[in-house]
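Structural overview for review
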Amino acid sequence: MGWFDLKIISKHFDVPEAKELSFYEKHGGYEQARRAVRMDPASIHAEVKASNLRGRGGAGFPTGVKWGFVPKDAETVYLVVNADESEPGTFKDRHILFWNPHMLIEGMIIASRSLGVKSAYVYMRGEMLREYPVLQRALDQAYEKGYLGERCFGSDMALDITIYRGAGAYICGEETALLSSLEGGRGWPRLKPPFPAVKGLWGQPTIVNNVETIANLPWILEHGGQAFADLGVGRSGGLRIVSVCGHVNRPGVYELPLTITGRELVDEVCGGVPKGRAVKGIIPGGVSMPLLDERELDVPFEFDALQQDERIREVEVQPGVKFDLGGGRTLRTMAGSGGVVVMDDQTDMVSACWRILHFFADESCGQCTPCREGTGWLTSVVKRIDQGKGRPGDVELTASIADGIAGNTICALGDAAAWPTLAFLTKFRGEFEAKIRSSTFVAQARAAAPEGAPKAEMAAAMAAGVANMEGRVP
Amino acid sequence: MTTKQLSPEIEAHIQQLWPRFPPDNAAKALCIPVLYLAQQQFGMVDDDVVDLVAERLGLPAAHVKGTATFYTMLNKKPVGRYHLQICTNIGCQITGAYEVFDRCKKRLGVGNHGTTEDGTITLSEVECLAACGFGPVAQIAERAKPDIPLYFENLDLERIDAILDALAEGRVPTELGS
């Protein structure tokens, strides 16, 4: 089978009538849900486990294992589909919701049968103005046909699916923040454990799965878990939907084998970089993930490879000192959300880093001090470097703030700001230093130093300038 | 005390959504949907609207206000009839979003989150709209019709000028959208 031949979810993207139930059924849709509602829940779970399906939202956690955390004696279990896609660079779930809403619904029926769910929710990003009516209409069609409601497909299984719309908060894509929001409050993440699978929505066991994860279930049930595992590599089954943006000739949403490399993705799938330029860096899975430079593009975009392949440099806190992920583990990068951002050789990496930090400072929920304060400081310091006002020591200051956030917060947003920052500094440190060398601050310090002063005195004058900041960042 | 009243449409929504949540949790769960609908009715979520929603759902006003102030799509200040939102996040930034945003600021004579003097257009710089492959991207929310799909992709100065021209004529250029 060729690379581009098999499509599990995206086969009918861009076909206008693909959103209609009649079209979906004509192509075999809802047959697996019809089967599933009369199947033994444990056998569905066994297929999902065998499939090596891993969460497509960002963490890549094995779906079958997650489902297994639900206590066996649970009376009420909830399924929540995370459709709060807002990781910059990522726009794949939006496509699934818009072009293939029935596949998501069918997947939800299958998951609900396996987990014993009677009420399921789709937590949909508030800004998805165009996708909401599409999914609501698809749900209405499914209810009308009797696929949802009191007796799904005439069986004794009852299932309601309700769309819950967010109202503008990136943090609600974090599963516990999502649950806080769905309960009707501020989207504040919660400490784990307890994990949602044990104690989630309204204190009940809750499985939160990404849109793409759930949309794979009908195929897994039809072809068997093993077939899905065989499509993948190692401990990762299936294909992957990636969204590619930035400096490529054909940006868009592509369903691809997990073995595809960054270079193949840019050159073969996306038609190369415009204006004949070269790639300077690629963010492999949403802006939370450490970026790759041009020399690291031959690693497959598979979950484990991106974490472990030695061709990818380890992220450092300072030159020669590796960042500690905890327990002595080092950080290369991760597959994340499948949102790929390609940056050409003309891209200003300091500016790109600043814009990413600006986002995290804006979206920090404010609960944990290291993240709330740290993301603001990171933004200020990197902004002044970017604007040509950087000071000697700003690179070290940036790294130290980032290192102070990572691992010290309730949820992963703090890490999501710290990791890419350290990766930018590890791989493009020269660009930050060059901007500082030519900054107005350095020029002023130089002018203030006595004429013909030796280097040591110049350095002292600059250090005095830094000390005069009194720790304040403008 | 406010003299405002939630519209019959909102009441119908509450009745429809209520049974979708466990009885003890429904009122609180409805807080965000009802705030969103109330914003459509009143144009913003001010203290009056907070009180109204709190009273209707039987929730403490402090909870409702705490929730309302957390979410960026709930406007605490009045916005214009058209809310023009330009994404400047990474995918849009590196394809020219700040040029587009600066053109909007200049032509409308407002800063970020500013509203034109005639109250028609509010301009906001927003975070990722999940359309990164087609950047720079803008979204226009029309106050009375918040759910009408109005996305504008692959913007450049020419296209944003055409959008601003249409808004100046008091219409949304749907022909340019997707």
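Thresholds, definitions, all that
- Residues numbered from 1 in each chain as written.
- Chains lettered and ligands numbered in written order.
- Predicted model: local features only at pLDDT ≥ 70, side-chain atom pairs only at ≥ 80, totals over all residues.
- Heavy atoms only, no water.
- Helix = DSSP H or I, 4+ residues; strand = E, 2+ residues; numbered from the N terminus.
- Contact = heavy atoms within 4.5 Å.
- Areas by Shrake-Rupley, 256 points an atom, 1.4 Å probe, with all protein chains shown as cover.
- Lys, Arg positive; Asp, Glu negative; His and termini not counted.
- Charge placed at Lys NZ, Arg CZ, Asp CG, Glu CD.
- Rg over C-alpha atoms; globule rule 2.2 N^0.38 Å.
- Buried < 20%, exposed > 50% of the residue type's maximum accessible area, 1.4 Å probe, protein only.
- Salt bridge = Lys/Arg side-chain N within 4 Å of Asp/Glu carboxyl O.
- Polar contact = N/O pair within 3.5 Å; in protein donor to acceptor, adjacent residues only side chain to side chain.
- Nonpolar A, V, L, I, M, F, W, Y, C, P; charged D, E, K, R; others polar.
- pLDDT = per-residue confidence, 0-100.
- Core = buried A, V, L, I, M, F, W, Y, C linked by side-chain atoms within 4.5 Å.
- Pairing = 2+ DSSP bridges.
- Axes fitted to C-alpha atoms, helices over the stretch in contact; angles between N-to-C directions.
- Parallel < 35°, antiparallel > 145°, perpendicular 65-115°, else oblique.
- Left-handed = near helix turned anticlockwise from the far one by under 90°.
- Disulfide = S-S within 2.5 Å.

**Some points on the overall build of chain B**
Along chain B, the regular secondary structure elements total 8 helices and 5 strands. When the helices and strands of chain B are placed in sequence order, the string is α-α-α-α-α-β-α-α-β-β-β-β-α. Taken over the C-alpha atoms alone, chain B extends approximately 50 × 35 × 25 Å along its principal axes. Restricting the contact set of chain B to residue pairs at least 6 apart, pairs at least 24 apart contribute 61%. Only carbon and sulfur atoms are counted for the fraction: they give 52% of the accessible area of chain B, which is about 7800 Å². Of the charged side chains in chain B, 16 are positive and 23 negative, and the gap between their average positions amounts to 1 Å.

**Some words on the overall build of chain A**
Scanning chain A from N- to C-terminus turns up 19 helices and 11 strands. Against the globule reference of 23 Å for 474 residues, chain A gives a C-alpha radius of gyration of 24 Å, in line with a compact fold. The burial tally for chain A puts 62% of its 474 residues in the buried class. On chain A, roughly 17800 Å² of surface is accessible, and the fraction owed to carbon and sulfur atoms is 51%. Taking the average place of the 52 positive charges on the side chains of chain A and the average place of its 59 negative ones, the gap between the two points comes to 2 Å.

**Quick look at the interface of chain A and chain B**
With 61 residues of chain A at the interface, the matching set in chain B holds 45 residues. At the junction of chain A and chain B, the tally comes to 2 salt bridges. Taking the shortest distance from any N to any O, the salt bridge between E153 of chain B and R130 of chain A comes out at 3.8 Å. On the surface where chain A and chain B come into contact, there are 24 residue pairs in polar contact (both at pLDDT 80 or more). Counting residues per element, the ones that place at least two in the side of chain A that touches chain B are α5 (92–99), β2 (117–124), α7 (131–144), β3 (160–165), α8 (175–182), β5 (239–246), β11 (339–344) and α14 (349–363) of chain A. A breakdown of the residues in the side of chain A that touches chain B according to their chemical character gives 31 nonpolar, 16 polar and 14 charged.

**Looking at the side chain of K92 of chain A**
Residues and elements named next belong to chain A. Along the chain, the position of K92 falls in helix α5. Polar side-chain contacts of K92 include one of 2.8 Å to the side chain of D93. Among residues more than four places away in sequence, those in contact with K92 are R56, E85, N210, E212, I241, S243, V253 and S337.

**Topic: the confidence of the model for chain B**
Residues and elements named next belong to chain B. When pLDDT is averaged along chain B, the result is 92, and 97% of the positions lie at 70 or above. No element of chain B has a lower mean pLDDT than strand β4 (residues 138–142), which averages 89, and none a higher one than helix α2 (residues 26–29), which averages 98. Confidence metrics for the complex model read pTM 0.94 and ipTM 0.94.

**Some thoughts on the nonpolar core**
All names here are of chain A. With 165 residues, the main nonpolar core has Y30, I105, I109 and L182 as its most contacted residues. Of all the elements, helix α17 (residues 413–437) adds the most residues to this core, at 12 residues. Filtering out sequence-adjacent residues up to four positions away, Y30 remains in contact with L21, Y24, E25, H102, I105, E106, I109, A142, Y147 and F153. Core analysis: the second largest hydrophobic core is formed by 24 residues, I260, V273, V279 and A335 among them.

**So, the sheet that holds β11 of chain A**
Residues and elements named next belong to chain A. The strand order across the open sheet built from 5 strands is β6-β5-β11-β7-β8, with neighbouring strands paired in mixed fashion. Here the strands that pair on one side only, and so sit at the sheet edges, are β6 (252–257) and β8 (292–293). Taken together, the 2 bridges between strand β7 (residues 279–283) and β8 define a ladder with antiparallel strand orientation. Bridging from a neighbouring strand, G281 pairs with D293 of β8.

**With respect to the pairing of strand β1 (residues 82–87) of chain B**
All names here are of chain B. Taken across its 6 residues, β1 has 6 buried, putting it largely inside the fold. Alternating positions in β1 separate into two faces, Y82, L84 and I86 on one and H83, Q85 and C87 on the other, with burial throughout. As paired elements, β1 and β4 share 5 bridges and run antiparallel to each other. When the bridges of β4 are listed, L84 appears paired with I140.

**Here's the deal with the pattern of salt bridges**
Enumeration over the complete set of coordinates arrives at 43 salt bridges over all chains. K92 of chain A is the salt-bridge partner of E212 of chain A, the closest N and O atoms lying 2.9 Å from each other. Remark: K92 of chain A occurs in helix α5 and E212 of chain A occurs in helix α9 (residues 211–215); sequence separation between them is 120 residues. By the burial criterion, E212 of chain A is buried, and K92 of chain A matches it. A salt bridge links E169 of chain B to R171 of chain B, with the shortest nitrogen-to-oxygen separation between them at 3.2 Å. Salt bridges sharing common partners tie together R56, K92, D93 and E212 of chain A.

**So, the sheet that holds strand β5 (residues 151–152) of chain B**
Residue and element names in this part refer to chain B. Overall, mixed pairing links the 5 strands, which are arranged β2-β3-β1-β4-β5 in an open sheet. The open sheet terminates on both sides in strands that have one partner only, identified here as β2 (114–115) and β5. Of the pairings in the sheet, the one linking β1 to strand β3 (residues 121–126) comprises 6 bridges and is parallel in character. Its bridge partner lying in β3, Q85 is registered against S124. In this fold helix α7 (residues 97–108) packs onto β1 and β3, with an angle of close to 155 degrees to the strand it touches most, β3.

**As for the packing of helix α3 (residues 31–42) of chain B against helix α4 (residues 47–57) of chain B**
Residue and element names in this part refer to chain B. Direction vectors running N to C along α3 and α4 enclose 135 degrees, while the axes themselves pass 10 Å from each other. Looking at the two axes, α3 sits oblique to α4. Considering only the axes of α3 and α4, their crossing is right-handed. From α3, C31, V34, L35, A38 and F42 reach across to α4, where they touch V49, L52, V53 and L57.

**Remarks on the state of the cysteines**
In this structure the tally under the stated criterion is 0 disulfides over all chains. C31 of chain B forms no disulfide, and the closest cysteine sulfur to it belongs to C172 of chain A, at a distance of 13 Å. A relative accessible area of 0% means that C31 of chain B is categorised as buried. The closest cysteine sulfur to the non-disulfide-bonded C104 of chain B is located on C92 of chain B, 13 Å from its own sulfur.

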